[in-house]
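# Survey of secondary and tertiary structure
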Amino acid sequence: MIIDFLNDTNSATQEALELVEKVLQFVAQKEDVSDEAELSVSFVTNEEIQEINRTYRNKDAVTDVISFAMQEQGEGEVAIVGDETLLLGDIIISVDRAQQQAADYGHSFDRELAFLATHGLLHLLGYDHMTEQQEKEMFTKQDAYLSEFGLPRLSGSESHE
């Protein structure tokens, strides 16, 4: 999978970029995402993500991660048409919020960043958490992938929406 990083604010370190690259590649492999698929990951400040949230989602609040899928697909389905690269979409992560939530949940910044990146990618792949069943499926996948990757959830440390 091809990942384009946007870190214009320098709000994420090189180590953070490398971690997100590794976890996204790991999850993509687990989800059978084509090597030709492409997405972008942007690291932003709280102010920037609030503006994006207000502009595109009509929610005037800071959030941790926003995903914009390029295509609407069935849950967990990724298709390549012919030889064309599939543009999955964009993942936007507030580094400020990730740092705050890591402290709030009592786990590492790496764990929080990996969680947000995984959450964003699963959204791009068609997963959602609008119903209790969808939420259970999505969060079970997230926990399993992150545990297998080596960043397990600490008992009772997470309650993301």
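Please read all numbers here as calculations on a predicted model, not as lab measurements. (Residues numbered from 1 in each chain as written. Predicted model: local features only at pLDDT ≥ 70, side-chain atom pairs only at ≥ 80, totals over all residues. Heavy atoms only, no water.)

### Examining the pattern of salt bridges
- Under the definition given, this model contains 5 salt bridges.
- When the shortest N-O distance is used, the salt bridge between Lys 30 and Glu 148 registers 2.6 Å. Taken together, the positions of Lys 30 in helix 1 (residues 14-30) and Glu 148 in helix 5 (residues 132-149) put the pair 118 residues apart, joining distant regions of the chain.
- Put simply, Arg 54 and Asp 60 hold a salt bridge, and the shortest N to O gap is 2.4 Å.
- Via salt bridges that share partners, Glu 51, Arg 54 and Asp 60 belong to a single interconnected network. (Salt bridge = Lys/Arg side-chain N within 4 Å of Asp/Glu carboxyl O. Helix = DSSP H or I, 4+ residues; strand = E, 2+ residues; numbered from the N terminus.)

### Here's the deal with the side chain of Ser 42
- Structurally, Ser 42 is set in strand 2 (residues 38-44).
- Those residues in contact with Ser 42 that lie beyond four places of it in its chain are Leu 6, Ile 91, Ile 92 and Ile 93. (Contact = heavy atoms within 4.5 Å.)

### Observations concerning the packing of helix 3 (residues 95-105) against helix 4 (residues 109-124)
- The geometry of helix 3 relative to helix 4 is characterised by a closest axis approach of 8 Å and an angle of 120° between their N-to-C directions. Here helix 4 runs oblique to helix 3, going by the angle between their axes. In this structure, helix 3 crosses over helix 4, and the sense of that crossing is right-handed. Contact residues: Val 95, Ala 98, Gln 99, Gln 101, Ala 102 and Tyr 105 in helix 3; Phe 109, Glu 112, Leu 113 and Leu 116 in helix 4.
- Split into classes, the residues belonging to the contact of helix 3 with helix 4 amount to 7 nonpolar, 2 polar and 1 charged. (Axes fitted to C-alpha atoms, helices over the stretch in contact; angles between N-to-C directions. Parallel < 35°, antiparallel > 145°, perpendicular 65-115°, else oblique. Left-handed = near helix turned anticlockwise from the far one by under 90°. Nonpolar A, V, L, I, M, F, W, Y, C, P; charged D, E, K, R; others polar.)

### What about the sheet that holds strand 2?
- Spatially, the 4 strands line up as an open sheet ordered 1-2-4-3, and their pairing is mixed. For this open sheet the edge positions go to strand 1 (2-6) and strand 3 (65-69), each flanked by a neighbour on one side alone. Across the sheet, the axes of successive neighbouring strands diverge by a mean angle of 15°, strand direction being ignored.
- Across 5 bridges, strand 1 lies against strand 2 in parallel orientation. Note that in strand 2 the partner of Ile 2 across the bridge is Glu 38.
- Taken strand by strand, helix 3 contacts strand 2 and strand 4 (87-94), and its axis lies near 60° from that of strand 4. (Pairing = 2+ DSSP bridges.)

### Structural notes on the UniProt feature "binding site: Zn(2+)" (unreviewed entry) in the protein chain
- The UniProt record marks His 119, His 123 and His 129 with the feature "binding site: Zn(2+)" (unreviewed entry), using the residue numbering of this structure.
- Assessed through its relative accessible area of 22%, His 123 is described here as partly exposed.
- Residue contacts for His 123: discarding those within four places in its chain leaves Ser 67, Asp 128, His 129 and Met 138.
- With respect to the helices, strands and loops of the structure, His 129 is situated in the loop between helix 4 and helix 5.
- Separated by 3.3 Å, the side chains of His 129 and His 119 make a polar contact. (UniProt positions renumbered as here; feature names shortened; annotations may be inferred. Buried < 20%, exposed > 50% of the residue type's maximum accessible area, 1.4 Å probe, protein only. Polar contact = N/O pair within 3.5 Å; in protein donor to acceptor, adjacent residues only side chain to side chain.)

### What about the confidence of the model for the protein chain?
- Mean pLDDT over the protein chain works out to 87, with 86% of the residues at or above the 70 mark.
- Contacts of residues 74-81 to residues separated by more than four positions or lying in other chains number 21 contacts, the stretch itself having pLDDT below 50. (pLDDT = per-residue confidence, 0-100.)

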